[in-house]
Amino acid sequence: MNIGSNCILTNCDLAKTMRKLCKVVAINENGYYKYIIAPHDEPKFLISALESSVRPPKSGEVKAMARLFD
(Lines give C-alpha, C1' and ligand atoms only; values in the text may rest on other atoms or scores of the structure.)
Protein backbone atom coordinates (compact mmCIF):
# COMPACT_ATOMS: atom_id res chain seq x y z
CA MET A 1 0.00 0.00 0.00
CA ASN A 2 1.12 3.54 -0.73
CA ILE A 3 0.40 6.89 0.91
CA GLY A 4 -3.01 8.07 -0.25
CA SER A 5 -4.30 4.54 -0.95
CA ASN A 6 -7.79 3.54 0.12
CA CYS A 7 -7.85 0.79 2.73
CA ILE A 8 -10.13 -1.12 5.09
CA LEU A 9 -9.36 -2.00 8.72
CA THR A 10 -9.61 -5.71 9.59
CA ASN A 11 -8.38 -8.08 12.30
CA CYS A 12 -8.36 -5.57 15.16
CA ASP A 13 -10.69 -4.40 17.94
CA LEU A 14 -11.52 -1.12 16.19
CA ALA A 15 -12.51 -2.98 13.01
CA LYS A 16 -15.38 -4.66 14.90
CA THR A 17 -17.15 -1.32 15.31
CA MET A 18 -15.71 0.87 12.56
CA ARG A 19 -16.58 -0.23 9.04
CA LYS A 20 -15.55 3.01 7.27
CA LEU A 21 -13.30 3.32 4.26
CA CYS A 22 -9.93 4.77 5.28
CA LYS A 23 -6.94 6.34 3.58
CA VAL A 24 -3.24 5.67 4.27
CA VAL A 25 -1.76 8.90 5.67
CA ALA A 26 1.77 7.73 6.50
CA ILE A 27 3.96 4.63 6.40
CA ASN A 28 6.39 3.85 9.21
CA GLU A 29 8.79 1.24 7.80
CA ASN A 30 10.75 0.73 11.04
CA GLY A 31 7.94 0.91 13.59
CA TYR A 32 5.74 -1.78 15.11
CA TYR A 33 2.65 -0.17 13.55
CA LYS A 34 3.46 0.11 9.85
CA TYR A 35 0.50 2.24 8.70
CA ILE A 36 -1.05 5.45 9.96
CA ILE A 37 -4.56 5.67 8.53
CA ALA A 38 -7.51 8.05 8.79
CA PRO A 39 -11.21 7.57 7.95
CA HIS A 40 -12.36 9.51 4.88
CA ASP A 41 -15.03 11.39 6.84
CA GLU A 42 -12.76 12.16 9.86
CA PRO A 43 -9.31 13.03 8.47
CA LYS A 44 -8.00 14.30 11.85
CA PHE A 45 -8.71 10.93 13.59
CA LEU A 46 -5.44 9.02 13.05
CA ILE A 47 -5.18 5.29 13.65
CA SER A 48 -1.97 3.25 13.94
CA ALA A 49 -2.40 -0.16 12.32
CA LEU A 50 -0.36 -3.30 11.81
CA GLU A 51 0.32 -4.49 8.30
CA SER A 52 -1.95 -7.51 8.90
CA SER A 53 -4.83 -5.23 10.02
CA VAL A 54 -5.14 -3.28 6.77
CA ARG A 55 -6.33 -4.52 3.39
CA PRO A 56 -7.19 -2.87 0.07
CA PRO A 57 -10.91 -2.41 -0.59
CA LYS A 58 -12.78 -4.98 -2.65
CA SER A 59 -15.18 -4.17 -5.46
CA GLY A 60 -18.11 -2.07 -4.29
CA GLU A 61 -16.52 -0.95 -1.03
CA VAL A 62 -15.09 2.30 -2.42
CA LYS A 63 -18.48 3.30 -3.81
CA ALA A 64 -20.24 2.33 -0.55
CA MET A 65 -17.48 4.01 1.57
CA ALA A 66 -17.76 1.10 4.04
CA ARG A 67 -16.56 -2.47 4.62
CA LEU A 68 -18.99 -4.88 2.98
CA PHE A 69 -17.03 -8.10 3.37
CA ASP A 70 -15.15 -9.54 6.37
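Residues numbered from 1 in each chain as written. Predicted model: local features only at pLDDT ≥ 70, side-chain atom pairs only at ≥ 80, totals over all residues. Heavy atoms only, no water.

### Observations regarding the environment of H40
Thought 1: Examined against the element boundaries, H40 turns out to sit in the loop between β3 (35–39) and β4 (47–49).
Thought 2: C-alpha of H40 to C-alpha of M65: the two residues are 25 residues apart in sequence and 8.2 Å apart in space.
Thought 3: In contact with H40, other than residues within four places in its own chain, are N6, L21, C22, K23 and M65.
Thought 4: Separated by 2.9 Å, the side chains of H40 and N6 make a polar contact. (Helix = DSSP H or I, 4+ residues; strand = E, 2+ residues; numbered from the N terminus. Contact = heavy atoms within 4.5 Å. Polar contact = N/O pair within 3.5 Å; in protein donor to acceptor, adjacent residues only side chain to side chain.)

### With respect to the packing of aromatic side chains
Thought 1: Tallied over the entire structure, the rule returns one aromatic pair.
Thought 2: Between Y32 and Y33, the ring centres sit 5.0 Å apart and the planes meet at 85 degrees, which makes this aromatic pair edge-to-face.
Thought 3: Y32 sits in the exposed class, given a relative accessible area of 64%.
Thought 4: What makes Y33 partly exposed here is its relative accessible area of 40%. (Phe/Tyr/Trp six-rings, centres within 6.5 Å; stacked < 30°, edge-to-face > 60°. Buried < 20%, exposed > 50% of the residue type's maximum accessible area, 1.4 Å probe, protein only.)

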